[in-house]
Amino acid sequence: MTPELQQKCINTIRFLAIDAVEKANSGHPGMPMGCAPAAFVLWSRHIRFNPREPRWANRDRFVLSAGHGSMLIYAMLHLTGYDVTMDDLKNFRQWGSKTPGHPEFHDTPGVEATTGPLGQGISNAVGMALSQKMLAAHTGAPIENFVYGICSDGDLMEGVASEACSIAGHLQLGNLVFLYDDNLVSLAGHTDVTFTEDRDKSFEAYGWHVQHVADGNDVEAIDRAIQNAKKDPRPSMISVRTVLGYGSPHKANTHEAHGSPLGKDEVRATKDNLGWPLDSAFLVPDDVRQFWAGRIEEVKRGYDEWQQKFAQWKAGNPEKAKLWDTLAERRTPADLAEQLAAVIPNPPVAESTRKHGQAVLQKAAALVPGLAGGSADLDPSTFTHVKASGEVQPGEYGGRNIHFGVREHGMGSIVNGMAYDGFFLPYSATFLLFSDYMRPPRLAALSKLSSIFVFTHDSIFLAEDGPTHQPVEQLAALRAIPNLEVWRPADGLETAASWASAIERRDGPSLFAFTRQKLQPLQRAGAASVRECMKGAYALNDVADPDVVVIATGSEVPLAQAALPLIDSKYKVRLVSMPCVERFLKWPQDEQRKLVPRGKRRVAVEAALGLDWYRILGDGLVVGVDRFGASAPEKALAENYGLTPQKVAARISTWLNS
Ligand SMILES: Cc1ncc(C[n+]2csc(CCOP(=O)(O)OP(=O)(O)O)c2C)c(N)n1
């Protein structure tokens, strides 16, 4: 390839980004302008892909952590033959387009992760790299790929990136290669006012291999660094000194090039400066197209060769091939829920739902080989360690217990990264209060990932540890996330239903709120069915034509059941257990009304802030917790917060009679 053609290829990327941002009249041109040479090197010499099969198992993954530079990846996907057309580029940031403002997993073939919240992409990439290491170790399949990415100053300033990169270094994820767009400029100005730590030392301390490229336009130097990175057994960070908005005579190296169109005059001046046809828009010169056509052919040959190798491996390893298919297709037994329910003691015993969760998880892991995860240094409290599985350790990826350390945010993002990758069904675990340190459930919900978030110690009734550890408003906040199913089971059967539902769910994440404290067994009329619990709500005592419906979840179901006989006897009370509000709200309206009839008085009992209950209660009563908790034994808390059977019954009766 001549130096002229190479330069043309690079400038094509720059001007596709510039023109799309200009046409949309919004977006971020500066990052793609600076990173175009790095992107060119990555896709023309390293990344192995198949545009016809974007989810090819052995593809190299690419994650644009600096998601604001989305036009960079859209331009690359267009040039490399993915189903991202020129019209799609022209529709950048428009309603229903394949080219939204920030990359979104389900919107664009070739986009591996939804990015934009800085720090997430690089942390997801750690999860993908771990997933591929584990896939290779579990199956022995010929996995030979890398997870590449580009991150920015903003990414590395975010704490979540430090958490995830620390784990990546510890676990020696040598299949992870990141380029750092080290342009010294962020959104509001130069980084000398915010970010002067020695990044090299930070990453070396994490156990990464660190290299520098002094000039972001030096294609050969970038190439050499990537080659070195691939040979090194550690994860790699290649710091590339780029110029934000490179080529723009008046805006390069200023934050003005970061997040707004260059403007008509500056676009012309930039075209003039870089020798690009002045009146062109969305230009891809013929020889540039030809070059990429050649590259597509080249990677196709690599794809064909690998597919052959893979087919041979499968033929020679029927057992492992079966495991591969089980993971790839996420096969689960048809009677999963029943098998999980069978591990619950019968007749039921007083137990915490975290402890029930432990028993269910052991069985689930035996039935679902892709189930893998761990806690943020809380296994002895969350009970989420799988005894029959090995540990994931540096250089050893054949286990399924992952030790995330005290890094909740990183854990959530790594779990999402594994879920994006799609082979393992990942779970995290910590205390419910620390969901405040861990917001990735939102991105999992947005991206329709099957991540599972286990939270224990789910109310003030964790007791003596006090209000810093006692969740109050967290359930309401989590239930406010669209497409997240929040399960708060009341006993072993509902716990089995929660796990079964989460494992079977294909269109979004699930979250569990398990108790620390033991719960009295529920009084169930007749044989209870796990499938009924999986619907998310059901009546525990079927009273025809009730005057009042009391809805409870988790630890407050046995409490409400104990309160029931103490409520003013002139009222007929139906008690509903609602382990998953979101599932109930998906029922057809007439079904909902059969369980919670229209015009009847309604009460919710839940040891949490009741904000979210008014969706169902209307002007009903919430018996909950509307202030911070306190450090005290469980009994004293129940007395002082009005959550004894007597006090709950008295409160409901007074309200009914008022
Ligand atoms: C978590 C998060 N906080 C804030 C933002 C808003 N934001 C977008 S880009 C950016 C910083 C841009 O600086 P840098 O990462 O260096 O990108 P560059 O300007 O070099 O493209 C900020 C603060 C965000 N996207 N995510």
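Residues numbered from 1 in each chain as written. Predicted model: local features only at pLDDT ≥ 70, side-chain atom pairs only at ≥ 80, totals over all residues. Heavy atoms only, no water.

A.B. asks: Could you give an account of the overall build of the protein, with specific residues and numbers?
C.D. replies: For the protein, the helix and strand inventory stands at 26 helices and 15 strands. Overall, the protein is about 90 × 60 × 45 Å in size when its C-alpha atoms are taken along their principal axes. Out of the 658 residues belonging to the protein, those deemed buried represent 62%. Across the protein, every contact between residues at least 6 apart in sequence was considered, and the portion connecting residues at least 24 apart equals 77%. Computed over 68 positive and 76 negative side-chain charges, the inter-centroid distance for the protein is 5 Å. (Helix = DSSP H or I, 4+ residues; strand = E, 2+ residues; numbered from the N terminus. Buried < 20%, exposed > 50% of the residue type's maximum accessible area, 1.4 Å probe, protein only. Contact = heavy atoms within 4.5 Å. Lys, Arg positive; Asp, Glu negative; His and termini not counted. Charge placed at Lys NZ, Arg CZ, Asp CG, Glu CD.)

A.B. asks: Break down the sheet that holds strand β6 (residues 371-375) for me, citing the residues and quoting the values.
C.D. replies: Sheet architecture is open: five strands sit in the order β6-β7-β8-β10-β9, paired in parallel fashion. Two strands lie at the open edges of the sheet, namely β6 and β9 (485-487), each paired on one side alone. This sheet shows a mean twist of 20° between the axes of neighbouring strands, independent of strand direction. Alignment of β9 against strand β10 (residues 510-513), held across three bridges, turns out to be parallel. Residue pairing across strands places E485 opposite S510, the latter belonging to β10. (Pairing = 2+ DSSP bridges. Axes fitted to C-alpha atoms, helices over the stretch in contact; angles between N-to-C directions.)

A.B. asks: How would you explain empty space enclosed by the protein if you had to name every residue and give the values?
C.D. replies: Counted under the stated rule, the structure contains five cavities of 30 Å³ or more. Put simply, the largest cavity is a space of about 90 Å³. In this structure, the largest cavity is lined by W43, I47, F49, R59, D60, F62, I73, L77, Y82, G110 and E112. Taken as a whole, the second largest cavity holds about 80 Å³ of empty space. Taken together, T326, L327, R330, R331, T332, V368, P369, G370, F423, F424, L425 and I503 make up the lining of the second largest cavity. Of the residues in the lining of the second largest cavity, the class split is seven nonpolar, three polar and two charged. (1 Å grid on protein atoms, 1.4 Å probe; cavity = no way out; pocket = protein on both sides within 12 Å on 5 of 7 lines; lining within 4 Å. Points joined across faces, edges and corners; volume = space filled by probe spheres on them. Nonpolar A, V, L, I, M, F, W, Y, C, P; charged D, E, K, R; others polar.)

A.B. asks: Describe the site of the ligand, with residues and values.
C.D. replies: Neighbouring the ligand are 15 residues; H68, S152, G154, N183 and H258 lie closest to it. One of the side-chain nitrogen or oxygen atoms of S152 is found 2.6 Å away from an oxygen atom of the ligand. For the ligand, whose accessible area on its own is 580 Å², the fraction buried by protein is 75%. Counted by class, the shell around the ligand contains six nonpolar, seven polar and two charged residues. (Near = heavy atom within 4 Å. Polar contact = N/O pair within 3.5 Å; in protein donor to acceptor, adjacent residues only side chain to side chain. Areas by Shrake-Rupley, 256 points an atom, 1.4 Å probe, with all protein chains shown as cover.)

A.B. asks: I'd like a description of the packing of helix α1 (residues 3-24) against helix α2 (residues 30-46), backed by residues and values.
C.D. replies: Where α1 meets α2, the axes come as close as 9 Å, and the angle between the chain directions of the two elements is 125°. Comparing the axis directions of α1 and α2 gives the class oblique. The element α1 and its partner α2 pack so that their crossing is right-handed. Between α1 and α2, the contacting residues are Q6, C9, I10, I13, R14, A17 and I18 on the first element and P32, M33, A36, P37, F40 and R45 on the second. Tallied by class, the residues present in the contact of α1 with α2 amount to 10 nonpolar, one polar and two charged. (Parallel < 35°, antiparallel > 145°, perpendicular 65-115°, else oblique. Left-handed = near helix turned anticlockwise from the far one by under 90°.)

A.B. asks: Any chance you could break down the packing of aromatic side chains for me, citing the residues and the numbers?
C.D. replies: Counted under the stated rule, the structure contains 24 aromatic pairs. An aromatic cluster of three or more residues is present, and its members are W56, Y303, W306, F310, W313, W324 and F423. Seen from the ring of F195, R199 lies directly overhead, with NZ or CZ sitting 4.2 Å from the centre. Just above the ring of W655 sits the side chain of R601; from NZ or CZ to the centre is 4.3 Å. (Phe/Tyr/Trp six-rings, centres within 6.5 Å; stacked < 30°, edge-to-face > 60°. Lys NZ or Arg CZ within 6 Å of the ring centre and 35° of its normal.)

A.B. asks: Which residues make up the side chain of D182, and what values go with them?
C.D. replies: Structurally, D182 can be placed in the loop between β3 (176-181) and α8 (199-206). Separated by 3.2 Å, the side chains of D182 and S239 make a polar contact. Excluding its chain neighbours within four sequence positions, the residues that come into contact with D182 are D153, R199, S239, V240, R241 and T242.

A.B. asks: For the packing of helix α7 (residues 159-170) against helix α16 (residues 408-421), give the residues involved together with the corresponding values.
C.D. replies: At their nearest, the axes of α7 and α16 sit 8 Å apart, and the two run at 70° to each other. As far as their axial angle goes, α16 and α7 are roughly perpendicular. Only E408, H409, G410, S413 and I414 of α16 make contact with α7, whose side of the interface consists of V160, E163, A164 and I167. Across the contact of α7 with α16, the residue classes tally to four nonpolar, three polar and two charged.

A.B. asks: A description of the pattern of salt bridges should follow, citing residues and the corresponding values.
C.D. replies: By the definition in use, this model includes 37 salt bridges. Between D304 and K300 there is a salt bridge, and its shortest N-O distance comes to 3.0 Å. Highlighted residues: D304 and K300, both in helix α11 (residues 286-316), separated by four residues, approximately one helical turn. For D304, a relative accessible area of 35% translates into the label partly exposed. Residues R505 and E485 are paired through a salt bridge, measuring 3.8 Å at the closest nitrogen-oxygen approach. Separated by 20 residues along the polypeptide, R505 in the loop between α19 (492-504) and β10 and E485 in strand β9 bring together distant segments of the chain. (Salt bridge = Lys/Arg side-chain N within 4 Å of Asp/Glu carboxyl O.)

A.B. asks: Mind laying out the pairing of β3, listing which residues take part and the relevant values?
C.D. replies: Across the six residues of β3, six count as buried, placing the element largely inside the fold. Across the two faces of β3 the burial is the same, with L176, F178 and Y180 and V177, L179 and D181 all buried. In this sheet, β3 lies alongside strand β2 (residues 147-152) in parallel orientation, the contact comprising six bridges. Following the sheet pairing, C151 is matched in β3 by Y180. Relative to strand β5 (residues 236-240), β3 is paired through five bridges, and the arrangement is parallel. Paired with V177 across the strands is S236, a residue of β5.

A.B. asks: Lay out the layout of surface pockets in plain terms, naming residues and giving numbers.
C.D. replies: Roughly 490 Å³ of volume is contained in the largest pocket. Q520, L559, E634, L643 and P645 are, among the 20 residues lining the largest pocket, the residues nearest its centre. Taken together, the elements giving at least two residues each to the lining of the largest pocket come down to α21 (556-563) and α25 (634-640). The element that contributes the greatest number of residues to the lining of the largest pocket is α21, accounting for five residues. Across the lining of the largest pocket, the residue classes break down as nine nonpolar, six polar and five charged.

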